[in-house]
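Breakdown of the fold
Each chain, written out:
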Amino acid sequence: MLKDSYLVGLIGSGIGPSLSPALHEREAGRQGLRCLYRLLDLDTIGVAPEAVGELLRAARLLGFDGLNITHPCKRLVVEHLDALDPQAEALGAVNTVVFEGGRAVGHNTDVTGFAAAFARGLPEAPLERVVQLGAGGAGAAVAHATLTLGAERVTVVDALPERAADLAAALNRSFGPGRATAAPPGRLPELLGAADGHGGLVHATPTGMAAHPGLPLPAGLLHPGLWVAEVVYRPLETELLRTARAAGCATLDGGGMAAFQAADAFRLFTGREPDSARMLADLTELTDGAVGAPK
């Protein structure tokens, strides 16, 4: 049943700079709706990521219509949900929860968000050999999206070898044997060298976020034969993107993914069709820069 007022929020760590409240509230206002979007920051509240289930229950009791979920809770939240849509189930990660009919149903709009941003921002990028750094909740989504876009092979690199292996196995179950492999960080020089002219790097770890500044790999591994796609969008220009551009790489910032996944979540929360182009323009304005385009 459609309403004209919605209460939604975001659970995650270090989410103070998030633009999700502005994106959702602006689009709601344009559609004549009232939307209150609240941040439930684990760091501010002072609880561990494992408390996501308690926050979920509290939000439901307080009358929330839904929640977005971000690092580090995209996988942890799954066990606390009543149902998953097929994509979220395949991923084992959720970034959107809708409270409907007394149930908490998990979805994942990161997949469609990243795919739309990549197709828009790096339409001619070679996809023969893709190296992905990060196998967490966001990593699962963007790896699925990259393979859906036509990547021949994705090599998943993570500091936790078992996590990379689990994601690669899940990708092969979904897309066919040999489409994904796992590798330790020590193989990054070899892998990025082999991708020269044939692919690029997808970065899907929290490194570079406002709360987790820094570079996720040695700068010397980047070279002009690579494209680099970033998932982090706050700040929009991460140290990785600055370093990659200086090395001559084509780059894609995380802004497009943020706007397009928000549009898909808005649709789930409200049952209304969002204007994704307007939401992308909002994000561009809010970050005062060109979003989702190669630089």
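A brief structural summary. (Residues numbered from 1 in each chain as written. Predicted model: local features only at pLDDT ≥ 70, side-chain atom pairs only at ≥ 80, totals over all residues. Heavy atoms only, no water.)

Following the sequence through the fold, Q132 ends up in strand 7 (residues 129-133). Among the residues examined, Q132 registers a relative accessible area of 1% and is labelled buried. Contacts of Q132, omitting those with residues within four sequence positions, involve G139, A140, V142, A143, V154, T155, V156, V157, L167, V202 and A204. (Helix = DSSP H or I, 4+ residues; strand = E, 2+ residues; numbered from the N terminus. Buried < 20%, exposed > 50% of the residue type's maximum accessible area, 1.4 Å probe, protein only. Contact = heavy atoms within 4.5 Å.)

Moving on, we come to the sheet that holds strand 8 (residues 154-157). Backbone-to-backbone hydrogen bonds join strands into a sheet, with any given pair of strands oriented parallel or antiparallel. What the 6 strands build is an open sheet, ordered 9-8-7-10-11-12; its pairing is parallel. Where the open sheet ends on each side, the last strands, each with one partner, are strand 9 (180-183) and strand 12 (250-252). Pairwise comparison of adjacent strand axes, ignoring direction, gives a mean angle of 20° for this sheet. By the bridge criterion, 4 bridges tie strand 8 to strand 9 in an arrangement that is parallel. What sits directly across from V156, in strand 9, is A182. Set on the sheet, helix 7 (residues 161-175) makes contact with strand 7, strand 8 and strand 9; between it and strand 9 the angle comes to about 175°. Across the sheet, helix 9 (residues 239-246) lies against strand 10 (199-203), strand 11 (226-230) and strand 12, angled at about 165° from strand 11, the strand it touches most. (Pairing = 2+ DSSP bridges. Axes fitted to C-alpha atoms, helices over the stretch in contact; angles between N-to-C directions.)

So, on to the layout of surface pockets. Its boundaries defined by the atoms lining it, the largest pocket holds a volume of some 850 Å³. If you trace the largest pocket, you find 41 residues lining it, with T70, H71, K74, A138 and M209 closest to the centre. Counting only elements with at least two residues in the lining of the largest pocket, the list comes to strand 3 (66-69), helix 6 (137-148) and helix 10 (255-270). A class-by-class count of the residues in the lining of the largest pocket yields 21 nonpolar, 14 polar and 6 charged. (1 Å grid on protein atoms, 1.4 Å probe; cavity = no way out; pocket = protein on both sides within 12 Å on 5 of 7 lines; lining within 4 Å. Points joined across faces, edges and corners; volume = space filled by probe spheres on them. Nonpolar A, V, L, I, M, F, W, Y, C, P; charged D, E, K, R; others polar.)

So, about the packing of helix 5 (residues 110-121) against helix 10. It is the contact of helix 5 with helix 10, at a shortest axis distance of 7 Å, that shows an interaxial angle of 135°. One finds that helix 5 runs oblique with respect to helix 10. The handedness of the crossing between helix 5 and helix 10 comes out as right-handed. On helix 10, the residues touching D110, T112, G113, F114, A116, A117 and R120 of helix 5 are G256, M257, F260, Q261 and D264. (Parallel < 35°, antiparallel > 145°, perpendicular 65-115°, else oblique. Left-handed = near helix turned anticlockwise from the far one by under 90°.)

Quick look at the nonpolar core now. Among the nonpolar cores identified, the biggest contains 45 residues, and F114, F118 and W227 are the most heavily contacted of them. Counting residues per element, the ones that place at least two in this core are helix 5, helix 6, strand 8, helix 7, strand 11, helix 10 and helix 11 (276-287). A total of 7 residues in this core trace back to one element, the largest contributor, which is helix 6. Look past the residues within four positions of W227 in its chain and what remains in contact with it is F118, L122, A125, P126, L127, V130, G199, G200, L201, V202 and A250. One finds L56, L67, L81 and A88 within the second-largest nonpolar core, a separate group that totals 18 residues. (Core = buried A, V, L, I, M, F, W, Y, C linked by side-chain atoms within 4.5 Å.)

Turning next to the packing of helix 1 (residues 20-30) against helix 10. At their nearest, the axes of helix 1 and helix 10 sit 10 Å apart, and the two run at 55° to each other. For the element pair helix 1 / helix 10, the angle class is oblique. Relative to helix 10, the crossing made by helix 1 is right-handed. Across the interface between the two elements, L23, H24, E27 and A28 from helix 1 touch A258, A259, A262, A265, F266 and F269 from helix 10.

Okay, the sheet that holds strand 6 (residues 103-107) next. Strand order across the open sheet formed by 6 strands is 2-1-3-5-6-4, with mixed pairing between neighbours. Strands at the two margins of the open sheet, each flanked by one partner only, are strand 2 (34-41) and strand 4 (83-84). As defined by bridge partners, strand 5 (residues 96-100) adjoins strand 6 across 5 bridges and the pair is classed as antiparallel. The residue of strand 6 that forms the bridge with E100 is R103. Packed on one face of the sheet, helix 1 meets strand 2 and strand 3 and runs near 170° to strand 2. Running over the sheet, helix 10 touches strand 1 (5-12), strand 3, strand 5 and strand 6 and is turned about 10° from strand 5.

Any functional reading would require information beyond the geometric quantities listed.
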